[in-house]
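Single-letter residue listing:
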Amino acid sequence: MLKYTRTCKTDWSRDYTSPSIIGLSGATAVHDTRQTIIDAAVDLFSEVGYANTEIHDILKRAAITKGAFFSHFPTKEAVVSAIIAEADIRTEDVLIGVISSASSALENLIVATLVVTDMTERDGLTRIANRLRQSAIDVNPVAGDALSTPSWAFTETALKSAIVEGDLLDDIDIDAMALTIRAAVLGTRLLTDVTAEGVFSRIAKVWQVVLRGSVPPHKLPYFETFVNRVAEQYPS
């Protein structure tokens with residue numbers, strides 16, 4: 001099974017005084033405080049929900065002062081934005097790792113949908129970020145575009161490469177197929193929350209349908225087997 005690791009690309013220098021001025025230990029402490037706030041918020045949003053979490057709850061869970069909180073975040077909504085931004089960084093790192101594989105573009109795309117789903121299932125911050133994103137308008141109406149779902153631009157690139165490699169029919173509508181894949185993955189996650197069937201087996205079924213209408217007939221058996229083989233690596 002492909003594993004994912006987080007390589008944080010966040011420029012923490014935007015959030016505190018330059019390390020060259022305050023020293024490395026000071027920079028680390030500020031970073032740690034900010035992350036402690038985010039971690040506490042993620043735990044509380046997971047346990048009691050966003051609406052039932054107040055700033056004083058975050059202060060208590062993080063064991064920090066009100067001043068320490070407001071030196072990093074002006075509002076609770078700002079914490080939400082930070083959580084979603086961090087989740088996007090983690091997702092980007094995962095996708096970069098997958099699409100850098102030497103496998104075919106279509107194989108990488110299939111694996112990407114399952115690996116990112118696995119991350120969403122196992123990584124608490126990413127899971128909460130997705131829930132917050134779904135209710136972004138209720139959380140912070142002015143956030144709008146900043147909290148919108150990432151477009152997964154790599155999907156279109158992968159589909160174009162798959163056509164060139166001969167793994168997709170050359171008359172496929174790339175935009176429509178990319179939208180179908182994205183909507184199917186996101187919808188499957190939501191559906192799994194209210195049903196007993198595992199998310200990975202559902203995504204595999206979605207891929208089976210998509211492949212039958214987009215892959216050359218002589219290659220279809222291979223990719224159908226490939227989807228099932230990759231999906232079986234994940235817990236049901």
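Model, not experiment: these values are computed from the prediction. (Residues numbered from 1 in each chain as written. Predicted model: local features only at pLDDT ≥ 70, side-chain atom pairs only at ≥ 80, totals over all residues. Heavy atoms only, no water.)

### Concerning the pattern of salt bridges
- Counting across every chain of the model gives seven salt bridges.
- Residues joined by salt bridges that share partners form a network here, namely Glu86, Arg90 and Asp123. (Salt bridge = Lys/Arg side-chain N within 4 Å of Asp/Glu carboxyl O.)

### Description of the packing of helix H6 (residues 105-122) against helix H7 (residues 124-134)
- Close contact between H6 and H7 brings their axes to 5 Å; oriented N to C, the two are set at 95°. If you check the angle between H6 and H7, you find them roughly perpendicular. Contact with H6, carried on its side by Met119, Thr120, Glu121 and Arg122, involves Gly124, Thr126, Arg127 and Asn130 of H7 and no other residues of that element.
- A breakdown of the residues in the contact of H6 with H7 according to their chemical character gives one nonpolar, four polar and three charged. (Axes fitted to C-alpha atoms, helices over the stretch in contact; angles between N-to-C directions. Helix = DSSP H or I, 4+ residues; strand = E, 2+ residues; numbered from the N terminus. Parallel < 35°, antiparallel > 145°, perpendicular 65-115°, else oblique. Contact = heavy atoms within 4.5 Å. Nonpolar A, V, L, I, M, F, W, Y, C, P; charged D, E, K, R; others polar.)

### Some thoughts on the nonpolar core
- Leu106, Ile110, Leu114, Leu159, Trp207 and Leu211 are the most contacted members of the largest nonpolar core, which totals 39 residues.
- Sorting the residues of this core by element identifies helix H5 (76-99), H6, helix H9 (154-164), helix H10 (174-192), helix H11 (199-212) and helix H12 (220-231) as the ones contributing at least two each.
- Top contributing element to this core by residue count: H6, with 10 residues.
- Ignoring any residue separated from it by four or fewer positions in sequence, one finds leucine 114 in contact with Phe200, Ile203, Val230, Ala231 and Tyr234. (Core = buried A, V, L, I, M, F, W, Y, C linked by side-chain atoms within 4.5 Å. Buried < 20%, exposed > 50% of the residue type's maximum accessible area, 1.4 Å probe, protein only.)

### What about the confidence of the model for the protein chain?
- Chain-level pLDDT for the protein chain is 80 on average; 76% of the residues reach the 70-or-more range.
- In the model, residues 141-148 has pLDDT below 50 throughout and makes six contacts with residues more than four positions away in sequence or in other chains. (pLDDT = per-residue confidence, 0-100.)

### Here we look at H5
- For H5, built from 24 residues, the straight-helix expectation of 34 Å at 1.5 Å per residue is met to within 8% by its first-to-last C-alpha distance of 35 Å.
- Measuring from the backbone nitrogen of glutamate 77 back to the side-chain oxygen at the start of H5 gives 3.4 Å, which picks out threonine 75 as the cap. (Expected span 1.5 Å × (residues − 1). Polar contact = N/O pair within 3.5 Å; in protein donor to acceptor, adjacent residues only side chain to side chain.)

### Notes on the side chain of serine 214
- By the secondary structure assignment, serine 214 is in the loop between H11 and H12.
- A distance of 2.7 Å separates a polar atom in the side chain of serine 214 from the backbone oxygen of valine 210.
- Contact partners of serine 214, with chain neighbours within four places excluded, come to Asp167, Leu168, Leu169, Ile172 and Met177.

### Brief notes about the packing of H5 against H6
- Packing of H5 against H6 leaves a shortest axis separation of 9 Å and a crossing angle of 150°. Regarding the angle of H5 to H6, the classification is roughly antiparallel. Note that H5 runs across H6; the crossing there is right-handed. Where H5 abuts H6, its residues Arg90, Thr91, Val94, Leu95, Val98 and Ile99 lie against Asn108, Val111, Ala112, Val115, Val116 and Met119.
- When its residues are assigned to classes, the contact of H5 with H6 shows nine nonpolar, two polar and one charged. (Left-handed = near helix turned anticlockwise from the far one by under 90°.)

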